[in-house]
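# Secondary and tertiary structure notes
Single-letter residue listing:
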Amino acid sequence: MSNVLVVANIADNEVKKAVLSTAAFAKTVSGYTGGSYDILAIGDDLSGVKDTLASLGAGKVMLAQGAELGTALAERLSPIIAQVATQGGYKVVVSAATSIAKDVFPRFAARIGAGMASEVVAVSNEGGKLTYVRPMYAGNVNGAVQIDSAVEVVTIRPTEFDAIEPGAAASAVEEVALPAAEAVCGKVEFLGFEKSVSNRPDLAEAAVVVSGGRGLKSKENFNIIEALADALSAAVGASRAAVDSGFIHNDFQVGQTGKIVAPDLYIAVGISGALQHVAGMKSAKTVVAINKDEEAPIFQIADYGMVGDLFKIIPELTEAVKKIKG
Amino acid sequence: MKILVPMKRVADPDNANKVKISPDGTKVTSEGLESKPNPFDEYAVETALRILEDGVGSGNLRGEVVVVTVGGDDTVRQVRQCLAMGADRGIIVQGDDDQLDSTIVANVLAKLVEKEQPNLVICGKQAVDGDSNQVGQALAEILGWPQATFAGQVEVPADLSSATVTREVDGGAAKVKVQLPAVISVDLRIVSPVGVNNNVAAGKEYQDGPRYASLKGIMKAKKKPVDTMTIADLGVDQTLKVRTVNFTAPPQRSAGVIVETVEELVAKLRDEAKVL
């Protein structure tokens, strides 16, 4: 009997690592609840990913697809997830905390009268009660929460859970009969999506991230961050100060209220290390800080610090990296 | 046009690393830290004012902005701070922070929406203490209203009949048009000079960030009405669905070494950390 439901929003025929991490979470939880897990995939066209989804150890994979689902409007997705969750009698419904899930899941939870835990980083079984650990106060406190409703709704930080190893495409695959769109869907119109143009790796999943802060001084100067990122095949990130100063789009913000990253290598350039920024990158394996102010708090959490003029250091570092990477 | 802005009082977010966990792990205390309106909620107040103002920073509103909070009696200070920015009146629904969850707060707000009949609810995308990011979306569901979360830009026509919202999402920006009434939750770029366009307020640009209260605004705020009621008055079920059973301190990173040259840094990254 499956009692955990993984909800995966799929775009561009791609099953992201976040989905694999969510499946791993579901496997752990279904071990506690004595059952298995299913996957509900939602997207405009899932034909290209169903085999991959069927290889993630789920009892079954349910496909909710249709052209209008690509826009991921909460008013449309919430009733679909509610229908599948209710009919399947799931105890736990989980998604990675992507911007879609952050938008849709609280609406879905309210619809079915469920309590919800956001951005969970660990789960345990305490005397038969699932207990979810989630960061609060900009990551300065971990709260262990329990949910008292028939269905427990959860989003997780995928960076905190190892990805599941795909096996044979063994799960049964079925189509979800979509409920009709509700009246509220007529009150919201999707006008378009403006993609942040980048050929670099996805910030949330990159192995290396190079982030710039206020110390860059201008939008134009961000090109030295980009050059270093390209030499390292890294994603570009930014502090909130850099976003506030208009150097870069908010989509690149790393921090409490931006992206949470956990790369192997995080290079913070001209970033002072406000606690809100640290909340978004402290799970990185190795942190490098480059800042002219030796008192900057970022040095308190960096494995390697370098005090000096970033406009001299970064181009030099870029050249050195290019030599190594050849 | 009436806009309802929910506001949560939080401990000074710039000193969130100074909150303390009680020895038995059951409470977080913020003694000694200043209490402030949640920053994103302050942006929501600013957004509401910009939507209704007839000129940039004029303070003349084409409608009413009502600030509502759920919390202790002393939240009146933070409510007055919002009134000093230019909001018209406040509502305090008395409740103990430890005995609230997103479901209860969303249901309280839904009851207030029933009473107040606003055309828009504008809230911050998340409170920076609990970091849950749930209430706005849950409220929209309870009301059966459309939602536009994580707004970085809002444009309204001069007749305030709808709202076109640029939402800051993974990989870029999604633009949606919502009919009113609706719930909008705001992200940080909403308070940039071009965050709000109401197609009426012409002239100079807004400053970056939420406005400061003027001395005149602070004086005026003292006389603005603030109603107080209880959750029970509104008939909302106060059973917690989400309980925090204990708080712990997460592991901290510690400072490493300072290197002097790029050469040394590269050597460390390659040979010691093995990340190059």
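Computed from a predicted structure; not experimentally measured.

### Here we look at the overall build of chain A
In terms of helices and strands, chain A carries 8 helices and 16 strands. In terms of overall dimensions, chain A is globule-like: its C-alpha atoms have a radius of gyration of 21 Å, near the 20 Å expected for 326 residues. Seen along its three principal axes, the alpha-carbon backbone of chain A occupies a region of about 60 × 45 × 40 Å. The burial tally for chain A puts 58% of its 326 residues in the buried class. For chain A, the share of sequence-separated contacts (at least 6 apart) that also reach a separation of at least 24 residues comes to 65%. With an accessible surface of roughly 12,200 Å², chain A has 49% of that area assigned to carbon and sulfur atoms. Distance between charge centres in chain A, computed from 28 positive and 36 negative side chains, equals 2 Å.

### Some remarks on the overall build of chain B
Secondary structure summary: chain B contains 6 helices and 16 strands in total. In terms of principal-axis extent, the alpha carbons of chain B reach across some 65 × 50 × 40 Å. For chain B, the proportion of its 276 residues judged to be buried stands at 53%. A sequence separation of at least 24 residues applies to 71% of the contacts in chain B between residues at least 6 apart.

### Observations concerning the environment of Leu178 of chain A
All names here are of chain A. With respect to the helices and strands, the residue Leu178 is situated in the loop between strand 10 (172-175) and strand 11 (188-195). Residue Leu178 is classed as partly exposed on the basis of its relative accessible area of 30%. Residues contacting Leu178, with those up to four places away along its chain left out, are Ala64, Gln65, Glu68, Leu69, Arg76 and Ile80.

### A short note on the interface of chain A and chain B
Contact with chain A, which involves 86 residues of that partner, is made by 77 residues of chain B. For chain A, the biggest contributors to the area lost against chain B are Arg107, Tyr137 and Tyr304 of chain A; these three give 11% of the whole. Where chain A touches chain B, the interface holds 7 salt bridges. For the side of chain A that touches chain B, the element with the most residues is strand 11 of chain A, which contributes 8 residues.

### So, a nonpolar patch on the surface
Nonpolar side chains collect at one region of the surface, where Leu215, Ile218 and Met219 of chain B lie side by side and expose about 310 Å² of accessible area between them. Mapped onto the fold, Ile218 of chain B is located in helix 5 (residues 215-223).

### Considerations on the nonpolar core
General note: in soluble globular proteins, nonpolar side chains tend to be found buried as a group. Within the largest apolar cluster, 79 residues are counted, with the highest numbers of intra-cluster contacts made by Ile290 of chain A together with Ile51 of chain B. Among the elements that make up this core, the one with the highest residue count is helix 1 (residues 39-52) of chain B (8 residues). Not counting residues up to four positions away in its chain, the partners in contact with Ile51 of chain B are Ile3, Arg62, Leu120, Ile122, Val154, Val156, Leu160, Val196 and Asn198 of chain B. Listed in part, the 36 residues of the second largest apolar core include Ile10, Val15, Leu63 and Val120 of chain A.

### Description of the domain arrangement of chain A
Residues and elements named next belong to chain A. For chain A, the assigned domains are domain 1 (2-187) and domain 2 (208-325). Between domain 1 and domain 2, the C-alpha centre-to-centre distance is 32 Å. The interface is formed by 8 residues belonging to domain 1 together with 9 residues belonging to domain 2. The junction of domain 1 with domain 2 conceals about 600 Å² of combined surface from both sides, 50% of it contributed by carbon and sulfur atoms. Sorting the residues of domain 1 by area buried against domain 2 places Ala138, Arg157 and Thr159 first, and these three jointly supply 65% of that buried surface. Between the two partners, domain 1 and domain 2, sit 0 salt bridges. In this structure, the connection of domain 1 to domain 2 is made through 2 residue pairs in polar contact (both at pLDDT 80 or more).

### Re helix 5 (residues 222-231) of chain A
Residues and elements named next belong to chain A. Within the span of helix 5, buried status applies to Phe222, Ile224, Ile225, Leu228, Ala229 and Ala231. Close packing links the buried residues of helix 5 with strand 12 (208-212), strand 13 (235-238), helix 6 (240-244), strand 14 (265-269) and helix 8 (310-325). Once helix 5 ends, the next one or two residues include Ser233, with phi positive near 50°.

### Here's the deal with the sheet that holds strand 8 (residues 141-147) of chain A
Ordered by their spatial adjacency, 4 strands build an open sheet running 6(A)-7(A)-8(A)-15(B), and the pairing between neighbours is antiparallel. Edge positions in the sheet fall to strand 6 (122-126) of chain A together with strand 15 (242-248) of chain B, since each of these pairs with one other strand and no more. In this sheet, neighbouring strand axes are inclined to one another by 30° on average, regardless of whether the strands run parallel or antiparallel. As defined by bridge partners, strand 8 of chain A adjoins strand 15 of chain B across 6 bridges and the pair is classed as antiparallel.

### Some thoughts on the side chain of Lys2 of chain B
All names here are of chain B. Mapped onto the secondary structure, Lys2 falls in strand 1 (residues 2-6). Judged by relative accessible area, Lys2 falls into the buried class, the value being 16%. Reaching out from Lys2, the side chain makes a polar contact with the side chain of Glu116 at a distance of 2.7 Å. Excluding anything up to four places from it in sequence, Lys2 contacts Glu64, Val66, Arg89, Glu116, Pro118, Asn119 and Leu120.

### Looking at the sheet that holds strand 4 (residues 92-96) of chain A
Residue and element names in this part refer to chain A. Strand order in the open sheet formed by 7 strands is 5-9-4-1-2-3-10, with parallel pairing between adjacent strands. For this open sheet the edge positions go to strand 5 (115-120) and strand 10, each flanked by a neighbour on one side alone. On average, adjacent strands in this sheet sit at an angle of 20° to one another, irrespective of strand direction. Against the sheet, helix 1 (residues 17-33) engages strand 1 (2-9), strand 2 (36-43), strand 4, strand 5 and strand 9 (152-156), with an angle of about 170° to strand 1.

### Quick notes on the pattern of salt bridges
One pass over the full model with this rule turns up 33 salt bridges over all chains. Residue Arg89 of chain B pairs with Glu64 of chain B through a salt bridge whose shortest N-O separation is 2.7 Å. Here Arg89 of chain B is found in strand 7 (residues 89-94), whereas its partner Glu64 of chain B is found in strand 6 (residues 64-71), with 25 residues between them in sequence. Residues joined in a network through salt bridges with shared partners are Arg107, Arg111 and Glu182 of chain A together with Glu141 of chain B.

### Structural notes on the environment of Ala221 of chain B
Residue and element names in this part refer to chain B. Within the fold, Ala221 resides in helix 5. Separated by 132 residues in sequence, Ala221 and Arg89 have C-alpha atoms that sit 8.5 Å apart. Sequence-distant contacts of Ala221, defined by excluding residues within four places in its chain, comprise Arg80, Leu83 and Ala84.

### A short note on unusual backbone geometry
In this structure, Pro181 of chain B follows Leu180 of chain B across a cis peptide bond, with omega equal to 5°. As for its placement among the helices and strands, Pro181 of chain B is situated in the loop between strand 11 (172-179) and strand 12 (182-186). One non-glycine residue, Ser233 of chain A, lies in the positive phi region at around 50°. Along the chain, Ser233 of chain A falls in the loop between helix 5 and strand 13. A residue is classified by how much of its surface remains accessible, and Ser233 of chain A, at 55% relative accessible area, is exposed.

What counts, and at which threshold
Residues numbered from 1 in each chain as written. Chains lettered and ligands numbered in written order. Predicted model: local features only at pLDDT ≥ 70, side-chain atom pairs only at ≥ 80, totals over all residues. Heavy atoms only, no water. Helix = DSSP H or I, 4+ residues; strand = E, 2+ residues; numbered from the N terminus. Rg over C-alpha atoms; globule rule 2.2 N^0.38 Å. Buried < 20%, exposed > 50% of the residue type's maximum accessible area, 1.4 Å probe, protein only. Contact = heavy atoms within 4.5 Å. Areas by Shrake-Rupley, 256 points an atom, 1.4 Å probe, with all protein chains shown as cover. Lys, Arg positive; Asp, Glu negative; His and termini not counted. Charge placed at Lys NZ, Arg CZ, Asp CG, Glu CD. Buried area = accessible area lost by both parts, 1.4 Å probe. Salt bridge = Lys/Arg side-chain N within 4 Å of Asp/Glu carboxyl O. Patch = residues over 30% accessible without salt bridge, like charges linked within 9 Å, V, L, I, M, F, W, Y side chains within 5 Å. Core = buried A, V, L, I, M, F, W, Y, C linked by side-chain atoms within 4.5 Å. Domains from an automatic or database assignment. Polar contact = N/O pair within 3.5 Å; in protein donor to acceptor, adjacent residues only side chain to side chain. Pairing = 2+ DSSP bridges. Axes fitted to C-alpha atoms, helices over the stretch in contact; angles between N-to-C directions.

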